[in-house]
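These are the residues of each chain, in order.
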Amino acid sequence: TQLLEQSPQFLSIQEGENLTVYCNSSSVFSSLQWYRQEPGEGPVLLVTVVTGGEVKKLKRLTFQFGDARKDSSLHITAAQPGDTGLYLCAGEKGNNRLAFGKGNQVVVIP
Amino acid sequence: DVKVTQSSRYLVKRTGEKVFLECVQDMDHENMFWYRQDPGLGLRLIYFSYDVKMKEKGDIPEGYSVSREKKERFSLILESASTNQTSMYLCASSLNPGLGTEAFFGQGTRLTVV
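Summarised in this report is the structure supplied together with it.

## What to know about the sheet that holds strand 3 (residues 19-24) of chain A
Residues and elements named next belong to chain A.
Right, so step 1: Strand order in the open sheet made by the five strands is 1-3-8-7-6, with antiparallel pairing throughout. Whereas interior strands pair on both sides, the edge strands pair on one side only; in this sheet they are strand 1 (5-7) and strand 6 (55-58). Strand after strand, the sheet turns through a mean of 15° between neighbouring axes, direction not considered.
Right, so step 2: Where strand 1 lies against strand 3, three bridges are found, and the strand directions are antiparallel. Note that in strand 3 the partner of Glu5 across the bridge is Asn24.

## Looking at the pattern of salt bridges
Two side chains of opposite charge can pair, provided their charged atoms sit close to one another.
Right, so step 1: Scanning the model with the defined rule gives nine salt bridges over all chains in all.
Right, so step 2: We note a salt bridge from Glu41 of chain A to Arg9 of chain B, for which the minimum N-O separation is 3.4 Å. A residue pair is termed interchain when its members come from two chains, as with Glu41 of chain A in the loop between strand 4 (32-37) and strand 5 (44-49) and Arg9 of chain B in the loop between strand 1 (4-6) and strand 2 (10-13).
Right, so step 3: Glu41 of chain A gets classed as partly exposed once you look at its relative accessible area, which sits at 35%.
Right, so step 4: For Arg9 of chain B, a relative accessible area of 33% translates into the label partly exposed.
Right, so step 5: For Asp38 of chain B, the salt bridge is made with Arg44 of chain B, and the minimal N-O distance between the two is 2.9 Å.
Right, so step 6: Given the relative accessible area of 11%, Asp38 of chain B is considered buried.
Right, so step 7: Shared partners join several salt bridges into a network, and the residues in it are Asp28, Glu30 and Lys71 of chain B.

## Side note on the state of the cysteines
Right, so step 1: Under the criterion given, the structure shown has two disulfides over all chains.
Right, so step 2: Sulfur-sulfur distance for the disulfide between Cys23 of chain A and Cys89 of chain A comes to 2.0 Å. Where Cys23 of chain A bonds to Cys89 of chain A through sulfur, the torsion about that S-S bond is close to 75°, and the disulfide is right-handed. Remark: Cys89 of chain A occurs in strand 9 (residues 85-94) and Cys23 of chain A occurs in strand 3; sequence separation between them is 66 residues. The two residues Cys23 of chain A and Cys89 of chain A agree in class, both being buried.
Right, so step 3: Here Cys23 of chain B is linked by a disulfide to Cys91 of chain B, with a sulfur-sulfur distance of 1.9 Å. Taking the sign of the S-S torsion, -75° for the link of Cys23 of chain B and Cys91 of chain B, the bridge is left-handed.

Definitions and limits used
- Residues numbered from 1 in each chain as written.
- Chains lettered and ligands numbered in written order.
- Predicted model: local features only at pLDDT ≥ 70, side-chain atom pairs only at ≥ 80, totals over all residues.
- Heavy atoms only, no water.
- Pairing = 2+ DSSP bridges.
- Helix = DSSP H or I, 4+ residues; strand = E, 2+ residues; numbered from the N terminus.
- Axes fitted to C-alpha atoms, helices over the stretch in contact; angles between N-to-C directions.
- Salt bridge = Lys/Arg side-chain N within 4 Å of Asp/Glu carboxyl O.
- Buried < 20%, exposed > 50% of the residue type's maximum accessible area, 1.4 Å probe, protein only.
- Disulfide = S-S within 2.5 Å.

Here is the structure:
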């Protein structure tokens, strides 16, 4: 059973459009992280959210942590081809471990 | 610039071979991790280490072992490689994931077992 469910698995949009992807769980997390992974590379941290209801912005990316700290969303405004990648959410599982979702594969077409 | 370096980007090994994947970090992190990443399955934790000579099994340790003799180096060992161990292997280090701190990943090793 996957601890973190990400949806949609795959999303293809045109440059300039907006998109939202989701990370959901039945478990409560003390914090949740979002990473982006480009082909052939390791994931790179984008943001960590800690407080229920928290909203963080990173340029055109907006991250929200659910009030109950069980889910999160990532919204990209006016997507660019450089936003293409696999977006992974990760929650702290206890014992110093992170649990990862399977990822949202985003493709932005020029 | 902080760095996690994996010894090889690509490896091709034969079934039954003993395979060593090496990972070095220069951030003085306590915690180091080995994951494998497969299409449709995401990142799965194989082993992690929270201190020198300490190790704990992750979710899929079968067929693997690890070694951490020095703080900066964490090795993954495939005792007898099998075709179902063909995968992308990712090493990571972190100060303390329990506090929501960042995990830094290496560039990955794509291992093919033939």
